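Spelled out, the chains give:
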Amino acid sequence: MAMRGVSHVELFVRDKVSTVRHLVSLGFTHVADCVEVDRSSALLSRGDVQVVTTSGWATRAFIARNGEGVAGVAVTCDDVPAAARGARALGADVSGLARGGATVTGIGDVAHTLLPADGHDPGAPPVGRRWVPRDDAWPAAEGAWALERVELRLPVDLMERYMTFCGRVFGFERRPSQRSSLYSASAGVTFALEEQRAPVPLGPPEDRAAGAPDAATAYGLTFRPLPAPVLR
């Protein structure tokens, strides 16, 4: 049931347009949009990292409890049916998706999408929505990135249950030195759990110098640059 990677992360925000601009300033490309009855979403990418930013009526309850931030994580798994069974055994709600995927909810406000790792296309848009590609996509910055850290907000009484869920379903390991952190060696990503609290206005990400090699953090996500391939 090991998790192999993060396909995309979804942010619930008050102002989608402002969030898109901030992420573009970090080198992401705004590649597609999806407008539904109760929400409006934008899809951004940089290399294999995909971020969906969503605003609208459907996001209000989440933001009221958690503030703006990560509301959904899609991951690739070796065995989606086994992961879904493990999630159900822990009391989560599981529903099926196209192409052998599944959606897991019910442990806190964050939704988890399970996708088969076999044959997964990291550049494909998230399933289940009608994405409209942008003809005027802003150019992407050079250099690939990887998702290094995801901050998730949970009520205190659900933190232990969520850690158990991540350990049994995704194979995350706990870090003794960081009581509220979980690490997936196979995916190279850390889930950092924060206490659910009254929402705090979320400012723009800090500016980075052009070409800076260090990691960038925005909206509860931390990205690290990948080394450039060596040409022989």
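Residues numbered from 1 in each chain as written. Predicted model: local features only at pLDDT ≥ 70, side-chain atom pairs only at ≥ 80, totals over all residues. Heavy atoms only, no water.

Peer 1: Help me out: how do you make sense of the confidence of the model for the protein in this one?
Peer 2: Should pLDDT be low for a region, the predicted coordinates there are not to be read in detail. Per-residue confidence for the protein averages 85 on the pLDDT scale, and 86% of its residues sit at or above 70. Per-residue pLDDT stays below 50 along residues 207-212; that stretch engages in six contacts with residues further than four places along the chain or on separate chains. (pLDDT = per-residue confidence, 0-100. Contact = heavy atoms within 4.5 Å.)

Peer 1: Would you mind going over the sheet that holds strand β15 (residues 221-225) with me for this structure?
Peer 2: One open sheet accounts for six strands, arranged β11-β12-β13-β10-β15-β14; its pairing is mixed. A single partner strand is all that each edge strand has here, and the edge strands are β11 (173-175) and β14 (216-218). Ignoring strand direction, the axes of neighbouring strands in this sheet form an average angle of 25 degrees. Bridge count for β11 against strand β12 (residues 178-184) is three bridges, and the pairing is antiparallel. Bridging across to β12, Arg174 finds its partner in Leu182. (Pairing = 2+ DSSP bridges. Helix = DSSP H or I, 4+ residues; strand = E, 2+ residues; numbered from the N terminus. Axes fitted to C-alpha atoms, helices over the stretch in contact; angles between N-to-C directions.)

Peer 1: I would appreciate a short explanation of the pairing of strand β7 (residues 102-106) in the present structure.
Peer 2: For strand β6 (residues 93-96) and β7, the ladder comprises four bridges, and the chain directions are antiparallel. Residue pairing across strands places Val94 opposite Val104, the latter belonging to β7. From the end of β6 to the start of β7, which pair antiparallel, there are five residues, and Arg99 there has a positive phi angle of about 65 degrees. Of the pairings in the sheet, the one linking β7 to strand β8 (residues 108-116) comprises four bridges and is antiparallel in character. Counterpart to Thr103 in the pairing with β8 is Thr113.

Peer 1: Can you help me understand helix α1 (residues 16-25) in this one?
Peer 2: Side chains that are three or four residues apart share a direction in an α-helix, a result of its 3.6 residues per turn. Looking at α1, one finds that the buried residues are Lys16, Thr19, Val20 and Leu23. Each buried residue of α1 sits inside an arc of 100 degrees when the element is viewed along its axis, so together they form one side. Exposed side of α1, more than 90 degrees from the buried face: Arg21 and Ser25 are the residues found there. Contacts made by the buried residues of α1 are with β1 (3-12), β2 (29-35), β3 (40-46) and β4 (49-55). Sitting at the amino-terminal end of α1 is Asp15, which places a side-chain oxygen 3.2 Å from the backbone nitrogen of Val17. (Buried < 20%, exposed > 50% of the residue type's maximum accessible area, 1.4 Å probe, protein only. Arc of directions from axis to C-beta. Polar contact = N/O pair within 3.5 Å; in protein donor to acceptor, adjacent residues only side chain to side chain.)

Peer 1: What is the right way to look at the sheet that holds strand β9 (residues 132-133) in this model?
Peer 2: Strand pairing in a sheet takes place through backbone hydrogen bonds and is either antiparallel or parallel in direction. Read from one edge of the open sheet, nine strands run β6-β7-β8-β5-β1-β4-β3-β2-β9, paired in mixed fashion. Either end of the sheet is taken by a strand with one partner, and the two such strands are β6 and β9. Two elements, β1 and strand β5 (residues 69-77), share eight bridges in a ladder whose sense is antiparallel. Note that in β5 the partner of Val9 across the bridge is Val73. α1 rests against β1, β2, β3 and β4 of the sheet, and its axis sits at about 5 degrees to β3. On the sheet, helix α3 (residues 80-89) packs against β5, β6, β7 and β8 and is oriented at approximately 155 degrees with respect to β8.

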